[in-house]
Amino acid sequence: MMANLEGVDARNKSGHDKATGPDQVMLSRLSIRDIVLIDRLDIDFTAGLSVLTGETGAGKSILLDAFALALGARGDAGLVRQGMEQGQVTASFDIPASHPARELLTANDIPPEDTLILRRAQLADGRTRAFVNDQPVSVQVLKALGSLLVEIHGQHDDRALVDAATHRRLLDAFGGLEAEAAVVEKLWNESRAAQEAAATHRAEVERALREADWLRHAADELQKLAPEAGEETALAERRTTMMQAEKVAEDLREVHEALAGGGSSAPALATAVRRLERRSAQAPALVDPVIKALDGALTALEEARSHLEHALRMADYDPRELEKIEERLFALRAAARKYTVPVDNLAALATKYLGDLALIDAGAAQLTQLETAAREAGQRYAKAAKALSAARAKAAKALDTAVNKELKPLKLERAVFSTEIASDEEAAGPYGIDRAEFWVQTNPGTKPGPLMKVASGGELARFLLALKVVLADRGSAPTLIFDEIDTGVGGAVADAIGVRLARLADRVQVVTVTHAPQVAARAARHFLISKDSLDKGRRVATRVNEVAADRRREEIARMLAGAEITTEARAAAERLIRAAAG
C-alpha cells in the first residue's frame, strides 16, 4: 500500500525536512512487488532524515534486501514471494543535470532523463533481469549506477570502505584535493605515454640495427628493380595482347586494304558527293537526303580506317619487346616470392626498407629526444605526486581530528581514529604514490589496525557514522541508508546518533532503520513497518505506513516501553519529540 498517505503531515518542526534543491540527487520512490512477505509496496521519500521502525521480524531486512536488489546486488530465487513467478523492485531517483550518473547513462546509450528508474526483476528460477529507464541493461551497469546513488551501511557492513582506494578517495574529498588528484592522474598518463613512445622507438631502432646489412641489400635490390604499383597487371595485359595480335593481324590488314587501298570505294563516293552537291540547288528535295547519307557513310568509313590503323600499330610488335616483358614479369614475381609479398606491394616494401635505413641513421637522435621527453614527463609527475602526498598528509591530520571529536558522544571515547598513509615512489600509479587506509585503536594499549578488521559490528557502524558526518556530502553517495547502527547502545549514545544523522541529513538524503526512540524522534518522516494477517490467517504480508504527526508520540512511546505503553512512556516520547524540534 502507499506509504505516503494522502493528507498525512509527518514532518516535524526541527528543520531537517527541506525541499530538494535543483542539484540534489534523491531517492524519490521505492516500489516492491512479490518479494518474500511483501506483495505490493510503494514508499515515497523526500529529502532529509527518514526513519523506519517496527517490531523485530516485521520485514525491515526484507525491505533493505529488496532495495539492494534494485541497486545491483546478487539475486536470489528465495526472494520471490511463494507461489509467484517473479518479484520486482523499482527505485526512482531525481537526477540533476550535473550528476555523473548521466555520463554513465550516455556511455550505455540510455537517454538521460530528470528521473532515473532502476528496476530489477527476480525470477523464481534464479534468473534476474535489469532495466534502467525501461531499457534492458547488464547487472554490472545497474550496480555501477547504484554505487553512484546509494550507500548502505550496517553493523555487519563488509561493502562500504572495504577497498583502501575508497579511503584515499574520501581523504581527497575531505581535503578538497580532487583537482590535484586529477592533475596527478593526467600527468601519470602523459608520463606512461611518453615512456611507451620511447620504448617503442627504441625497439624499432634496435630491430633495424640487427637487420642493417640485410636491409641495405634488400633496399638496393628493390631500388634497382624499381617496381611500380599496378605494373604486373599492365605488363601481363600487354603480353596477352601481343601474343594474340599475330593471329588477327592478317585479317586486319585485308580489311584495311579494302577500306584504304587501291580498290577502296571511298574516293569514288567522295567524287559522287561533290557532283550531287552541285546539283543540290536544282532539286534539293531529291539530292540532299542522298548527300547526307553518303556523308555519314564516308565519316563511318574514315572512323573504321582510323581504328584499323591503330589496331595494326598495336599488332605490329617487336618480338624483343615481348621478351623484355617476360623478363620483367619474371623479375618482379621472383622478388615477390623472395620477400613474401604480392608484386603490387613491392613498391611499398621498398619505401619501408628505405625508411628503416633512415631510422638507423636518424633514429638515435630521435630516440634521445623521446627519452628526454619521457624523463621530463616523469619528473613532472613525480613533483605533482609528492605535492599531493604532502597535502594528503595535512588533510589526514585534519580528518583524524574531526572524526575523533565525534567519537566520544558515540560511546567510542576510548577509541582513536587515524588515517595511515604509506607513500612509496616505487609503487607510483595514476592516483599518486600514496596508499591511504583508515585505522582505529579501540582501547588504550591495544594495537591499532585497519578499521574494517579491528572494529566490531556496532563500533564499525558508529565509526562509519562519524566519518560520514565529518565528510558530509564530500565523497559520499547522495542517499545513505543506515541499518540499525544504534543497536545495543544506551539512550545518550542513541541520542548522539540521532543528532548526527539529522546533521548529515542537512547535506544528503538519509534513511535509517532504527530501534532507538531517540533517533526516531529526530526524523523528518517516520515510517512504521508491520505485518498484516491475510486470507484468514493463512499468510502474512509486510506493510509500511507513514506515521501521522498525531501518532508519532504513540509509536515512540511503544519503542520506549514495549508492548504495554504507559503514561510515563508517552510523556517521555513527548519530551523526545520536543527536544528534537528544539
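Small disclaimer: the values here were computed from a predicted structure and weren't measured. (Residues numbered from 1 in each chain as written. Predicted model: local features only at pLDDT ≥ 70, side-chain atom pairs only at ≥ 80, totals over all residues. Heavy atoms only, no water.)

**Topic: unusual backbone geometry**
Even without being glycine, Asp34 reaches a positive phi, approximately 55°. Checked against the element boundaries, Asp34 lands in strand S1 (residues 26-35). Even without being glycine, Asn133 reaches a positive phi, approximately 50°. Asn133 gets classed as buried once you look at its relative accessible area, which sits at 13%. (Helix = DSSP H or I, 4+ residues; strand = E, 2+ residues; numbered from the N terminus. Buried < 20%, exposed > 50% of the residue type's maximum accessible area, 1.4 Å probe, protein only.)

**Description of the pattern of salt bridges**
Summed over the entire model, instances satisfying the criterion amount to 30 salt bridges. With a closest N to O distance of 3.1 Å, Glu326 and Arg239 form a salt bridge. With a gap of 87 residues between them, Glu326 in helix H10 (residues 319-338) and Arg239 in helix H7 (residues 231-260) connect regions that are remote in the sequence. Glu326 gets classed as partly exposed once you look at its relative accessible area, which sits at 32%. In this structure, Arg522 engages Asp495 in a salt bridge whose closest nitrogen and oxygen atoms are separated by 3.4 Å. Residue Arg522 is located in the loop between helix H15 (517-520) and strand S14 (525-534), and its partner Asp495 is located in helix H14 (residues 491-505); the two are separated by 27 residues in the primary sequence. Note on Asp495: relative accessible area 26%, which makes it partly exposed. (Salt bridge = Lys/Arg side-chain N within 4 Å of Asp/Glu carboxyl O.)

**Some points on the sheet that holds strand S2 (residues 38-44)**
Reading across the sheet, the 6 strands line up as S2-S1-S4-S5-S6-S7 and stay open at both edges, with antiparallel pairing between neighbours. Strands with a single pairing partner mark the edges of an open sheet, and in this sheet they are S2 and strand S7 (135-137). When the angles between neighbouring strand axes are averaged without regard to direction, this sheet yields 20°. Where S1 and S2 come together, 6 bridges link them in antiparallel fashion. Its bridge partner lying in S2, Leu30 is registered against Ile43. (Pairing = 2+ DSSP bridges. Axes fitted to C-alpha atoms, helices over the stretch in contact; angles between N-to-C directions.)

**Considering the confidence of the model for the protein**
In the predicted model, the protein carries a mean pLDDT of 85, and the fraction of residues at 70 or more is 93%. Here H7 is the element of the protein with the lowest mean pLDDT, 78, and strand S6 (residues 128-132) is the one with the highest, 96. In the model, residues 1-22 has pLDDT below 50 throughout and makes 62 contacts with residues more than four positions away in sequence or in other chains. (pLDDT = per-residue confidence, 0-100. Contact = heavy atoms within 4.5 Å.)

**Looking at the environment of Asp361**
With respect to the helices and strands, the residue Asp361 is situated in helix H11 (residues 346-407). Residues Asp361 and Ser264, spaced 97 residues apart in sequence, show a C-alpha to C-alpha distance of 71 Å.

**What about the sheet that holds S14?**
Reading across the sheet, the 6 strands line up as S8-S12-S13-S3-S14-S15 and stay open at both edges, with mixed pairing between neighbours. Two strands lie at the open edges of the sheet, namely strand S8 (150-154) and strand S15 (539-546), each paired on one side alone. Between one strand axis and the next, the sheet turns by 20° as a mean value, whatever way the strands run. Pairing between strand S12 (residues 479-483) and strand S13 (residues 509-513): 5 bridges, direction parallel. Paired with Ile481 across the strands is Val511, a residue of S13. In the packing of H14 onto the sheet, contacts are made with strand S3 (49-53), S12 and S13, and the angle to S13 comes to roughly 150°.

**As for the nonpolar core**
Membership of the largest hydrophobic core comes to 66 residues, with the highest contact counts inside it found for Leu399, Leu451, Leu465, Ile497 and Leu501. Tallying contributions element by element places helix H13 (residues 457-471) first for this core, with 10 residues. Ignoring anything within four residues of it in the chain, the contact list for Leu501 reads Leu49, Leu465, Phe482, Ile485, Val510, Thr512 and Val519. Val25, Ala91, Phe93 and Val511 belong to the second-largest nonpolar core, a separate cluster that totals 45 residues. (Core = buried A, V, L, I, M, F, W, Y, C linked by side-chain atoms within 4.5 Å.)

**Thoughts on the layout of surface pockets**
Rolled over the atoms, a probe as big as a water molecule pinpoints where empty space is left. By volume, the second largest pocket amounts to about 330 Å³. Forming the boundary of the second largest pocket are Ala165, Arg168, Arg169, Asp172, Ala173, Glu178, Ala181, Ala182, Glu185, Arg392, Tyr431 and Gly475. Of all the secondary structure elements, the ones that give two or more residues to the lining of the second largest pocket are helix H4 (164-174) and helix H5 (178-210). The leading source of residues in the lining of the second largest pocket is H4, at 5 residues. Partitioning the lining of the second largest pocket into residue classes produces 5 nonpolar, 1 polar and 6 charged. (1 Å grid on protein atoms, 1.4 Å probe; cavity = no way out; pocket = protein on both sides within 12 Å on 5 of 7 lines; lining within 4 Å. Points joined across faces, edges and corners; volume = space filled by probe spheres on them. Nonpolar A, V, L, I, M, F, W, Y, C, P; charged D, E, K, R; others polar.)

**Some remarks on the packing of aromatic side chains**
One pass over the full model with this rule turns up 6 aromatic pairs. In textbook terms, an aromatic cluster arises when at least three aromatic residues are bridged by ring pairs, as seen for Trp214, Tyr339 and Tyr353. The ring of Phe131 is capped by Arg119, whose NZ or CZ atom sits 4.1 Å from the centre of that ring. (Phe/Tyr/Trp six-rings, centres within 6.5 Å; stacked < 30°, edge-to-face > 60°. Lys NZ or Arg CZ within 6 Å of the ring centre and 35° of its normal.)

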